[in-house]
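Topology and contacts: notes
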Amino acid sequence: PTTVIDGRARARTLQLQVAFDVERLAGLGVRCGLATVLVGSDYAAEAYARRLRRAATAVGIEHRHHHLPPDTTREEVLALVVRLGADPAVSGILVLRPLPPHLDEGEIFTALDPAKDIEAVHPENAGLLALGRPRFVPSTPASVFHLLDAWLDEVDIAGEAFYGASTICVVGRSNNVGKPLTTLAAERGAVVVSCDENASRTGRLARYTRLGDVLVVAAGVPGLIRPEHVAPGAVVLDVGINPVRDPATGRTHLVGDVDPAALSVARAATPVPGGVGPVTDVWLVQNTVLAAERAAKHR
Ligand code: NAD
């Protein structure tokens, strides 16, 4: 039977550690603050902001959410980002995606204070990550490997030996999820197979995904991975979070990129919801605490 990798349990353990750090820092007079910025409305981004509020308040750090109207100008968004960069009460900043089309994501990310850029989207931080000297490890790829490392530990497999002898296939190549996933996989010594939409379009997706002793899926396509895409005994980590509306009830629920039928082929797999997502939330808060601690040292 397939082992379910329980992200919620892992997130709770991580949360206790982060809460402990927040308390330790508070004892030293250091306060941590998380600021999120959302321009316009988006179902997934708004849900994410609410989850981050819960994750932040659960460990005793302040969260301020800046929800701006969709027609906010470039100058206004840049001014807010710069203001948050200078605000000593803010230790970490997250600009939520998607941004409306009139805003240039790259320009806004570049205006972030790199020391507060907890998702490593500023070119300097993305560069440091690619060089193997990350200032912050972005929360989603970090959570994938946190779960994988914890699972290896549980089944008593040495991480170094496992990665050195494994192929990791990553489906999806976005700047914030897919690309850093391949960087972290390569750093662990694995053979890395990276593919995107093009592999599906040309009918070769299964050929690549079946190479993976570990299959990490971050495409944002519900049910993309079916049984024939998974090598028997692989470990599958499903990053996808896709809102799906049930036509019968009219209610929206979340599904991953992996079809539930594919799970039986795997040795172990993360569920959606309750897999990578809960760890991601706590990881982002942890990065905020890390930023606050570093800022205090530089005062
Ligand atoms: P994105 O849209 O920026 O990138 C998607 C990537 O997948 C692209 O490289 C694209 O080429 C590729 N892709 C799309 N369709 C494909 C297909 N049919 N076959 C193969 N590759 C395909 O998305 P993102 O920001 O990287 O997010 C991906 C998914 O992960 C989304 O469902 C998102 O909601 C979810 N997500 C989850 C977390 C988490 O904490 N679990 C965090 C961020 C994003």
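Predicted model, so just to flag it, every value in this text is computed and none were measured.

Re the nonpolar core
Among soluble globular proteins, nonpolar side chains are generally buried collectively. With 89 residues, the main nonpolar core has V216, V217 and V285 as its most contacted residues. Broken down by element, this core gets its largest block of residues, nine residues, from helix α11 (residues 276-297). Two domains each provide a minimum of three residues to this core, namely domain 1 (27-116) and domain 2 (139-277).

Section: the site of the ligand
Close contacts around the ligand come from 26 residues, with G172, S174, D196, G220 and T280 the closest. Put simply, the parts of the chain that give the shell around the ligand at least two residues each are α9 (197-201) and α11.

Considerations on the packing of helix α2 (residues 43-58) against α11
Two elements in contact, α2 and α11, have axes separated by 9 Å at closest approach and are oriented at 60°. Here α2 is positioned oblique relative to α11, judged by the angle of their axes. Crossing hand, α2 versus α11: right-handed. Note on element contacts: α11 touches α2 through D281, V282, L284 and V285, opposite R51, L52, A55 and A56. Broken down by class, the residue content of the contact of α2 with α11 amounts to six nonpolar, no polar and two charged.

Some remarks on the domain arrangement of the chain
We note that the domain assignment places domain 1 (27-116) and domain 2 (139-277) within the chain. On a C-alpha basis, the centres of domain 1 and domain 2 stand 28 Å from each other.

Details of the UniProt feature "domain: Tetrahydrofolate dehydrogenase/cyclohydrolase NAD(P)-binding" (unreviewed entry) in the chain
On the UniProt side, "domain: Tetrahydrofolate dehydrogenase/cyclohydrolase NAD(P)-binding" (unreviewed entry) is annotated at positions that read residues 138-295 here. Along residues 138-295 one finds 39% helix and 18% strand; the C-alpha atoms at either end are 19 Å apart.

Criteria and cut-off values
- All residue numbers here refer to positions counted from 1 along the written sequence of the relevant chain.
- Side-chain atom pairs in this predicted model are given and counted only at pLDDT of 80 or more, local residue features only at pLDDT of at least 70, and totals for whole chains, interfaces and linings cover all residues.
- Each nonpolar core comprises buried Ala, Val, Leu, Ile, Met, Phe, Trp, Tyr and Cys residues, the members being joined through C-beta atoms within 7 Å.
- The exposure scheme places C-beta atoms from the backbone and then counts, for each residue, the other C-beta atoms within 10 Å of its own, assigning buried at 20 or more, exposed at 12 or fewer, and partly exposed in between.
- Strands here mean DSSP runs of E at least two residues long; helices mean DSSP runs of H or I at least four residues long; both are numbered from the N terminus.
- For each domain, the first and last residues come from an automatic or database assignment.
- Think of it this way: take the backbone, place a C-beta atom on it, and check whether that atom is within 6 Å of the molecule or strand, in which case the residue is near it.
- Comment: axis = line fitted to C-alpha atoms, over the contacting stretch for helices; angle = value between 0 and 180 degrees taken between N-to-C directions.
- With respect to orientation, any angle under 35 degrees is reported as roughly parallel, any angle over 145 as roughly antiparallel, any angle of 65 to 115 as roughly perpendicular, and every other angle as oblique.
- Throughout, a crossing is termed right-handed when the near helix is turned clockwise from the far one, and left-handed when it is turned anticlockwise from it by less than a right angle.
- Residues are scored as being in contact if the C-beta atoms we place from backbone atoms lie within 7 Å.
- Residue polarity is assigned by list, with Asp, Glu, Lys and Arg as charged and Ala, Val, Leu, Ile, Met, Phe, Trp, Tyr, Cys and Pro as nonpolar; anything else, Gly included, falls into the polar class.
- UniProt positions are given in the numbering used here, feature names are shortened, and annotations may be inferred rather than shown by experiment.

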